[in-house]
Amino acid sequence: EDQVTQSPEALRLQEGESSSLNCSYTVSGLRGLFWYRQDPGKGPEFLFTLYSAGEEKEKERLKATLTKKESFLHITAPKPEDSATYLCAVQDTGGSGGGADGLTFGKGTHLIIQP
Amino acid sequence: ETGVTQSPTHLIKTRGQQVTLRCSSQSGHNTVSWYQQALGQGPQFIFQYYREEENGRGNFPPRFSGLQFPNYSSELNVNALELDDSALYLCASSWRDRGETQYFGPGTRLLVL
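Rules used in this analysis
Chains are numbered independently. Their residues run from 1 in the order of the written sequence. Here the convention is simple: chains get letters from A, ligands get numbers from 1, in the order in which they are written. In keeping with the model being predicted, local features are shown solely for residues with a pLDDT of at least 70 and side-chain atom pairs are shown and tallied solely at 80 or more, while totals for entire chains, interfaces and linings include all residues. Only hydrogens and water are removed before side-chain values are computed, so all heavy atoms of the structure are retained for them. Where helices and strands are cited, they refer to DSSP runs of H or I of at least four residues and of E of at least two residues respectively, numbered from the N terminus. The rule is simple: take the accessible area with a 1.4 Å probe, protein chains only, and divide by the maximum for that residue type; under 20% is buried, over 50% is exposed, in between is partly exposed. Each polar contact in these results corresponds to two N or O atoms within 3.5 Å; when the atoms are within protein, one needs to be able to donate a hydrogen and the other to accept it, and residues that are neighboring in sequence are counted only if both atoms are side-chain atoms. Contacts between residues were defined by any pair of non-hydrogen atoms, one from each residue, lying within 4.5 Å. Here the rule is simple: two strands pair whenever DSSP picks up at least two bridges between them. Axis lines are fitted through C-alpha atoms, for helices just across the contact stretch, and the angle between N-to-C directions can take any value from 0 to 180 degrees. We treat Lys and Arg as the positive residues and Asp and Glu as the negative residues; His and chain ends play no part in the count. Salt bridge, as used here: a side-chain nitrogen of Lys or Arg that lies within 4 Å of a carboxyl oxygen of Asp or Glu.

Asker: Sorry, what's going on with the side chain of Ser93 of chain B here?
Answerer: Residue and element names in this part refer to chain B. Mapping Ser93 onto the fold places it in strand E9 (residues 87–94). Overall, Ser93 belongs to the buried group, its relative accessible area being 0%. A polar contact of 3.1 Å, which involves the side chain of Ser93, links it to the backbone nitrogen of Gln26. Setting aside anything within four residues of it in sequence, one finds Ser93 in contact with Val4, Ser25, Gln26, His29, Thr31, Val32, Thr101, Gln102 and Tyr103.

Asker: Would you mind showing me how to read the sheet that holds strand E8 (residues 74–78) of chain B here?
Answerer: The strands that make up a sheet pair up through hydrogen bonds in the backbone, lying either parallel or antiparallel. Residues and elements named next belong to chain B. Strand order across the open sheet formed by 4 strands is E1-E3-E8-E7, with antiparallel pairing between neighbours. Whereas interior strands pair on both sides, the edge strands pair on one side only; in this sheet they are strand E1 (5–7) and strand E7 (64–68). Recorded for the sheet is a direction-independent mean angle of 20 degrees between the axes of neighbouring strands. Two elements, E7 and E8, share 5 bridges in a ladder whose sense is antiparallel. Looking at E8, one finds that Leu67 is bridged to Glu75.

Asker: Just checking my understanding: could you explain the environment of Ala64 of chain A for this structure?
Answerer: All names here are of chain A. Looking at the secondary structure, you find Ala64 in strand E7 (residues 62–66). Taking C-alpha positions, Ala64 is 8.0 Å from Leu50, a pair spaced 14 residues apart along the chain. Residues in contact with Ala64, not counting those within four places in the same chain, are Trp35, Phe48, Leu50, Glu55, Glu56, Lys57, Phe72 and Leu73.

Asker: For this particular structure, what's the right way to read the pairing of strand E4 (residues 31–37) of chain B?
Answerer: Regular strands have side chains that alternate between both faces of the sheet. Residue and element names in this part refer to chain B. Where burial is concerned, most of E4 is hidden: 7 out of the 7 residues are buried. Here E4 shows two buried faces, one formed by Thr31, Ser33, Tyr35 and Gln37 and the other by Val32, Trp34 and Gln36. Inspection of the sheet shows E4 paired to strand E5 (residues 44–50) by 6 bridges, in the antiparallel sense. Looking at the pairing, Trp34 lines up with Phe47 of E5. Pairing of E4 with E9, which is carried by 7 bridges, proceeds in the antiparallel orientation. Each residue of the ladder has a partner; that of Trp34, found in E9, is Cys91.

Asker: Teacher, can you tell me more about the side chain of Asp92 of chain A here?
Answerer: Residue and element names in this part refer to chain A. Locating Asp92 in the fold gives a position in strand E9 (residues 84–92). One buried charged residue, Asp92, forms no salt bridge at all, with the nearest opposite charge on Arg31 at 7.2 Å. Of the polar contacts made by the side chain of Asp92, one reaches the side chain of Ser28; its length is 2.9 Å.

Now the structure itself:
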């Protein structure tokens, strides 16, 4: 069974204070690892897709990296508008994540950036 | 390009009732997946529809059922509602392929009393 564990559960930073969020995963075969941002009461907003170990992607103040067992979301010089819950999800090649193409999500990291 | 839309935005039902939630996929996408998100949890996969057929299901009972229409829109039906069914129901659309990204709609907030 696929598993995704995110840490920390919550993180409070000062504006401009860089940090990293962790996503550890267990899958029989990785089809893709996804990062989403979710604001309260809204649907997840897509950030990145990573397919293989060593891959990196960047978007503004965010950078996602992938190894064979975990992924990191690095936040550089964050601003208050970066406050949100960040979700990590995996898609398994064998479909053991609940279906042929279902995503298995972690519980998320609740990030607060204080001005 | 039109994004994923869902209706209604909010819904209140009583235990034992039935509910239908609707989703319109993003233009160009042929696959729809449904997720349930309880408060403080990550989304949980319910099932996926491709070519109007169920294409995989998570650990949800048969009272959760769905449909996909020729225009790729979809419905989620839940019978015999239980209090624990109260959650945010999310629809995501994608183009069926290896590792294709799923794009989510705004969700429907269901409260069962």
